[in-house]
Amino acid sequence: MNIREIHPDEWEKLLELYLHLHEKAIPQDDGHLRDTWRAICANPDYHIIVCEEDGRIVSSCVCVIIPNLTRNVRPYALIENVVTHADYRGRGCASACLARARELAEQAGCYKMMLITGSQEESTLRFYRNAGFSSEGKTAFYQFLHFSSDPE
């Protein structure tokens, strides 16, 4: 198991892995997709952590370090898109990715890491608790925003 940050030429492998998250199809390879990928790769606070096994990306999470003016001007980290290929689940891949995200957040001086999951599966919630996350004491709110080009 090799835990590392993604390489710029591995975006197609990541999109394939996202089919095990909630995506139904790989987005169209157009200018917008490539511009977005370039912006992600150019942002030093945007980390895509991957677990590689057998030369294949099998798990990943995103860790974004967000500057902040509170908490003694300490940033916080947002964790998103935690995913493991179905054939590799239960082997510690996602846990290792989250551990690396925590290391990055600590190195950046973050005072907290946050994530939101839409899953109600007890196994998923237990996984996040075992990774050190708590759902106690905070209430999460979110709002999806839709654009005219979004599918219904």
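These remarks concern the structure in this document. The shown structure was predicted, so the numbers you read here are calculated from the model rather than taken from an experiment.

Membership of the largest hydrophobic core comes to 20 residues, with the highest contact counts inside it found for I49, C61, C63, I79, V82 and L98. If you list the elements that add at least two residues to this core, you get β2 (46–53), β3 (56–66), β4 (76–84) and α3 (93–107). Examining the composition of this core, we find that seven residues originate from one element, α3, more than from any other. Residue contacts for L98: discarding those within four places in its chain leaves C61, I79, V82, F127, Y128, A131 and F133. Among the nonpolar cores identified, the runner-up in size contains 15 residues, and I6, W11, Y18 and I57 belong to it.

What follows covers the sheet that holds strand β1 (residues 2–5). Pairing between the strands of a sheet is mediated by backbone hydrogen bonds and can be parallel or antiparallel. The strand order across the open sheet formed by five strands is β1-β2-β3-β4-β5, and the pairing between neighbours is mixed. Sheet topology places β1 and β5 (113–115) at the edges, where each strand pairs with a single neighbour. When the angles between neighbouring strand axes are averaged without regard to direction, this sheet yields 25 degrees. Summarising the sheet, β4 and β5 pair through three bridges and their orientation is parallel. Residue L78 lies in a different strand from β5, and its bridge partner there is M114.

With that settled, the discussion passes to unusual backbone geometry. One non-glycine residue with positive phi stands out, namely R71, at about 55 degrees. Of note, R71 is situated in the loop between β3 and β4. Of note, the phi angle at N81 is positive, near 50 degrees, even though the residue is not glycine. Summarising the element assignment, N81 is placed in strand β4. Overall, the relative accessible area of 23% leaves N81 in the partly exposed class.

For the rest of this paragraph, the subject is a nonpolar patch on the surface. On the surface, I116, Y142 and F144 cluster together into a nonpolar patch covering about 400 Å² of accessible area. For Y142, the position within the fold is in the segment after α4 (122–130).

The next subject is the pairing of β3. When you tally the buried positions in β3, you get nine out of 11 residues, the bulk of the element. Where β2 folds back on β3, the antiparallel hairpin that results is connected by two residues, among which D54 adopts a positive phi of roughly 55 degrees.

What counts and how
Along each chain, residue indices are assigned from 1 in the same order as the chain's sequence is written. The model is predicted, so local features are restricted to residues of pLDDT at least 70 and side-chain atom pairs to those at 80 or more, both for listing and for counting; the totals for chains, interfaces and linings are taken over all residues. Hydrogens and waters are ignored; side-chain quantities use all the structure's heavy atoms. Residue types Ala, Val, Leu, Ile, Met, Phe, Trp, Tyr and Cys, when buried and joined through side-chain atoms within 4.5 Å, form a set referred to as a nonpolar core. Throughout, exposure labels follow a simple rule: accessible area from a 1.4 Å probe, protein chains only, divided by the maximum for the residue type, with under 20% read as buried, over 50% as exposed, and the rest as partly exposed. Only DSSP runs of H or I with at least four residues qualify as helices, and only runs of E with at least two residues qualify as strands; both kinds are numbered from the N terminus onward. Throughout, a contact is declared for two residues whenever any of their heavy atoms are within 4.5 Å. Strands pair, by our definition, only if DSSP identifies at least two bridges between them. Helix axes are fitted only over the stretch in contact, all axes being lines through C-alpha atoms; the angle between N-to-C directions runs from 0 to 180 degrees. Residues qualify for a patch when their relative accessible area is over 30% and they have no salt bridge, like charges being joined within 9 Å and the nonpolar side chains of Val, Leu, Ile, Met, Phe, Trp and Tyr within 5 Å. Note on areas: Shrake-Rupley, 1.4 Å probe, and residue coverage restricted to the protein chains presented here. Only one rule defines a salt bridge in this text: a Lys or Arg side-chain nitrogen within 4 Å of an Asp or Glu carboxyl oxygen.

That is the geometry; function is a separate question.
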